[in-house]
Amino acid sequence: MIIKTATFVCSNTKVSALPPPKLPEYAFIGRSNVGKSSLINKLVNQHGLAKTSQRPGKTQLINHFLINEKWYIVDLPGYGYAKVSKTSREKWEKFIRNYLTKRESLQCVFVLIDGRLEPQKIDLEFCCWLGEWGLPFSLIFTKADKQSLTKTNQNVSLFKKALAEWFEEAPTTFITSADSGLGKDEVLNFIDHVNQD
Ligand code: GTP
Ligand code: MG
């Protein structure tokens, strides 16, 4: 898919304030600092469209970006940042659950996972939540440029093996780098296919 236009639309905390659910949308979620915003920028070829930071916790709101005037990418705040208070975490959970379960135009949730790490409980638990809520999701293993592909593939296999305890079908999986652009075409082609279904 060729990205002709990508524009910021709005940032929100309330589902009721989001753009009308008339266009297909794809949410990017995962641990703080896993590289959600960076990957979005790479996918749409616009450095700085989604705000990134070396410090975790940069993205705090539900951010909508309109792509080719036809569909939305949604950048979400990350989970699992150790320094966040219990109250903030509960607030995050409530508002993310609200968004994910009530957004009827949501086509797929991309769960981003740091490809350098062995399976993390928090990511597995999040996938289980999505399963319980009946939401379709795919896995994106990020930061592939930081280590060998062999190592990333090992972590992907371990994660899928762990997920197989809960899910009969393995989710679609991508390996990406926001630096080199690895996996970018695969993710965009996947979205293109879903949009055409
Ligand atoms: P929050 O908004 O805080 O939840 O974080 P995020 O998941 O949006 O992460 P963000 O895109 O802000 O990236 C966090 C850090 O990781 C930044 O310093 C990025 O430059 C770096 N980073 C993200 N993706 C990659 C990647 O694929 N390769 C490398 N080498 N660095 C990356
Ligand atoms: Mg972010």
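The protein carries the name Probable GTP-binding protein EngB in an unreviewed UniProt entry, which gives Pedobacter flavus as its organism. In its Function (unreviewed entry) section, the UniProt record describing the protein reads: "Necessary for normal cell division and for the maintenance of normal septation." Quoted verbatim from the Cofactor (unreviewed entry) field of UniProt, the annotation for the protein is "Mg(2+)".

A. Spotlight on the site of ligand 1. Close to ligand 1 lie 23 residues; G35, S38, T52, T59 and G78 are nearest. Among the elements that line the shell around ligand 1, the one with the most residues is helix α1 (residues 36-44), at three residues. Taken together, the residues that form the shell around ligand 1 break down as four nonpolar, 13 polar and six charged.

B. Inspection of the sheet that holds strand β5 (residues 106-114) at higher detail. Read across the sheet, seven strands follow the order β1-β3-β4-β2-β5-β6-β7 without closing on themselves; strand pairing throughout is mixed. Two strands in the sheet have a free side with no partner beyond their single neighbour: β1 (6-12) and β7 (173-175). Averaged over all pairs of adjacent strands, the angle between their axes in this sheet comes to 25°, without regard to strand direction. Sheet contacts for α1: β1, β2 (25-30), β3 (62-67), β4 (71-75), β5 and β6 (137-142); angle to β2, the most-contacted strand, approximately 145°.

C. Representation of the environment of V187 in the model. Its location among the elements puts V187 in helix α5 (residues 184-196). Along the primary structure V187 and M1 are separated by 186 residues, whereas in three dimensions their C-alpha atoms are 9.6 Å apart. With residues near it in sequence (within four places) discarded, V187 still touches L43, I140, F174 and T176.

D. Representation of helix α3 (residues 121-132). For α3, spanning twelve residues, the distance from its first C-alpha to its last is 16 Å, which sits close to the expected 16 Å at 1.5 Å a residue. Taken together, the buried positions of α3 are occupied by D123, F126 and C127. Along the axis of α3, the buried positions cluster into a sector of 100°, meaning they face one direction only. Exposed residues pointing more than 90 degrees away from the buried face of α3 are listed as K121, I122, E125 and E132. Its buried side turned inward, α3 meets β5, β6 and α4 (149-163).

About the criteria used
- Residues numbered from 1 in each chain as written.
- Chains lettered and ligands numbered in written order.
- Predicted model: local features only at pLDDT ≥ 70, side-chain atom pairs only at ≥ 80, totals over all residues.
- UniProt positions renumbered as here; feature names shortened; annotations may be inferred.
- Near = placed C-beta within 6 Å.
- Helix = DSSP H or I, 4+ residues; strand = E, 2+ residues; numbered from the N terminus.
- Nonpolar A, V, L, I, M, F, W, Y, C, P; charged D, E, K, R; others polar.
- Pairing = 2+ DSSP bridges.
- Axes fitted to C-alpha atoms, helices over the stretch in contact; angles between N-to-C directions.
- Contact = placed C-beta atoms within 7 Å.
- Expected span 1.5 Å × (residues − 1).
- Buried ≥ 20, exposed ≤ 12 C-beta atoms within 10 Å, placed from the backbone.
- Arc of directions from axis to C-beta.

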